Amino acid sequence: MIPVSSHLRRLLPCLLVLILGMAWPVRAEKAPGAGSFLNETPAQRDARMKWFREARFGLFIHWGLYSQAAGEWDGRQTSGAGEWIMNDLKIPDSHYAKLVPQFNPVKFDARQWVALAKNAGMKYIVITSKHHDGFGLYPSALTDWCIKSTPFQRDPLKELAAACREAGITLCFYHSIMDWHHPDYLPVKSWNDEANPNPDFDRYVAYLKGELKELLTRYGPLGILWFDGDWEKTWTYDRGLDLYKYVRGLQPQIIVNNRVHRHVPAGKPSLGDYGTPEQTIPANGYGPGVDWETCMTMNDTWGFKKQDQNWKSPEILIRNLIDIASKGGNYLLNVGPTGEGLIPEASVERLQSMGDWMRVNGEAIYSTTASPFQQQLPWGRCTKKTKGRATTLYWHVFNWPAGGELTVPGLKTSPRKVWLLSDKKKHALATKVSENGLSIAVPNAAPDAISSTIVAQFNKPLDISQ
Ligand code: FHN
């Protein structure tokens, strides 16, 4: 056994997931993944993925018993993510269970959370129905290791489902395949003092399917089943395929991410409907026809950790959203609510800033596809919409030119019209094509300090030479 430092050992699963997540088998075929096992045509897949491709922006919520711990245990701070505290501090199940009578999020307000997401410009919410600690955020009939054993005698997923329906937001569930608590899950965690002497993994998989049946038949149509914790050796490709089919059988229109099983054996189709790079934005996206979503924290933890104040700025978050959309992906941005049911104020402020930007520029994000430029634009990014022969380009200018002229390198096609998206009267901007590309006469002052959007409409094919 190679001696591995405890710090590295803790990081190993995350590193493995990062490698697997980033190494998601990238294929450009129109209908990748297990959908083909269900005789789904490319047109049927496109119809099922349509809302996801249009949404571009969603809210990730990591909320559970770990939120009550808030990154601390018996006076010790965990150095890892808040939701990994049980594993990182090797807290035995019987001790971790002390959190159950403490978890009473009386300040939880589903409508408030959904309104925050909607006002930020988000179109879907992915919430942890169960994370790796195995604790159900809903009253399950299959176990007492869930919210029904806490003083909070409500069903937050039911309240969220109602609030999402009212607001027109798509509700999705994150569900961990790995379960540190269940007596039949394998491998058994060394620090689990309530482990079953004769664990039966098949019995655990039957339980997992039972949980999913509860989730997929109680809360109405869901957008995504966001699996995670698929990296341990007991979780095989065949089990992943079986689970994909099971979930699609319960809700045929649901989307399943690639973490139903990421490590695909050679020669087999990738599983899941889209890729999930984590905490990173791919350099160039994955090409046409491949769906993907970057999930990212606002600070450094997914689950609430009161010591983690390392917040990304609104500028970074808005430019990340633009960068991801310009490469054809979605941005799933995380909040970690407290044990009381409150989303941290720093997260609220950033979501409000993103919403201010989206109210002016959302048209340049929603329902767009990747930039047609092979090389990155020096001053920002580009997103695109096409309708018949007409093409609309949205240039997202991070670094506004000083001399009143913006050049789009390599573009040789004259646009029908160009204007500032922030200009409701759409005053035309003057343009000319030169050997350098398309030059646009722009105001001296940038309409937005973080990113200003210029719209260009073309009614003929683009000629780009880079
Ligand atoms: O181990 C989890 C982690 O806690 C978190 O849920 C992230 C979110 O994508 N996924 C795993 C790490 O890759």
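Throughout this document, residue positions are counted from 1 along each chain, in the order its sequence is written. Predicted model: local features are reported for residues with pLDDT of at least 70 only, side-chain atom pairs are reported and counted for 80 or more only, and whole-chain, interface and lining totals are derived from all residues. Side-chain numbers come from the whole structure's heavy atoms, not from hydrogens or water.

**Observations concerning the sheet that holds strand β13 (residues 417-420)**
- Read across the open sheet, the four strands follow the order β10-β11-β16-β13; overall the sheet is antiparallel. Of all strands in the sheet, those with a lone pairing partner are β10 (380-387) and β13, marking the two edges. Each adjacent strand pair in this sheet contributes to an overall mean axis angle of 15 degrees, direction not counted.
- Bridge count for β10 against strand β11 (residues 390-397) is eight bridges, and the pairing is antiparallel. DSSP bridges decide pairing: two strands pair if at least two such bridges lie between them. Runs of E in the DSSP output that reach at least two residues are strands. Runs of H or I that reach at least four are helices, and both are numbered from the N terminus. As a rule, the C-alpha atoms of each element are fitted with a line to give its axis, helices using only the stretch in contact, and angles between N-to-C directions run from 0 to 180 degrees.

**Some remarks on the layout of surface pockets**
- Of the voids in this model, the largest pocket is the one considered here, and its volume is about 970 Å³.
- Considering the residues around the largest pocket, the lining is formed by 35 residues, among which R56, P288, G328, T369 and A370 are closest to the centre.
- With five residues, β10 is the single largest residue contributor to the lining of the largest pocket.
- Across the lining of the largest pocket, the residue classes tally to 10 nonpolar, 14 polar and 11 charged.
- Mapping the lining of the largest pocket onto the domain boundaries places at least three of its residues in each of domain 1 (9-18 + 41-364) and domain 2 (380-458). Definitions used throughout: a 1 Å grid over protein atoms alone; a cavity as a set of points that fits a 1.4 Å probe which cannot get out; a pocket as an open set with protein on both sides within 12 Å along at least five of seven lines; a lining residue as one with an atom within 4 Å of a point. Grid points are joined across faces, edges and corners, and a volume is the space filled by probe spheres set on the points. Any residue outside Ala, Val, Leu, Ile, Met, Phe, Trp, Tyr, Cys, Pro, Asp, Glu, Lys and Arg is labelled polar, Gly included; the first ten of those are nonpolar and the last four are charged. Residue ranges assigned to each domain were obtained from an automatic or database domain assignment.

**Some words on the environment of T128**
- Positionally, T128 belongs in strand β4 (residues 124-130).
- Burial here depends on accessible area, computed with a 1.4 Å probe over protein chains only, as a share of the maximum for the residue type. Under 20% is buried, over 50% is exposed, and the range in between is partly exposed. For T128, a relative accessible area of 0% puts it in the buried group.
- Separated by 177 residues in the primary sequence, T128 and K305 place their C-alpha atoms 16 Å from one another.
- Between N or O atoms, a polar contact is any pair within 3.5 Å; within protein, one atom must be a potential hydrogen donor and the other a potential acceptor, and residues adjacent in sequence are included only when both atoms are from side chains. Within polar-contact distance, the side chain of T128 engages the backbone oxygen of W63 at 2.9 Å.

**Digging into helix α7 (residues 156-167)**
- Taking 1.5 Å per residue, 12 residues should reach 16 Å; α7 reaches 16 Å between its end C-alpha atoms and fits that length.
- What α7 keeps buried is the set P156, L157, L160, A161, A163, C164 and A167.
- Elements that come into contact with the buried residues of α7 comprise α6 (110-119), β4, β5 (170-176) and α8 (201-218).
- Its side-chain oxygen 3.0 Å from the backbone nitrogen of L157, D155 forms the N-cap of α7.
- Looking at the residues trailing α7, positive phi occurs at G168, about 70 degrees. Multiplying 1.5 Å by the residue count of a helix minus one yields the expected span of that helix. Should any heavy atoms of two residues lie within 4.5 Å, those residues are considered in contact.

**Details of the site of the ligand**
- Consider each residue's heavy atoms; a residue with any of them within 4 Å of a molecule or strand counts as near. The environment of the ligand is made up of 15 residues, and the closest members are H62, E83, H132, D228 and E278.
- Measuring from an oxygen atom of the ligand, one finds a side-chain N or O atom of R259 at 3.3 Å.
- The separation between an oxygen atom of the ligand and a polar side-chain atom of E278 is 2.7 Å.
- Accessible surface is estimated by sampling points in the Shrake-Rupley manner with a 1.4 Å probe; for residues, cover comes only from the protein chains shown. Starting from 330 Å² of accessible surface for the ligand in isolation, the protein chains cover 99%.
- A class-by-class count of the residues in the shell around the ligand yields eight nonpolar, three polar and four charged.

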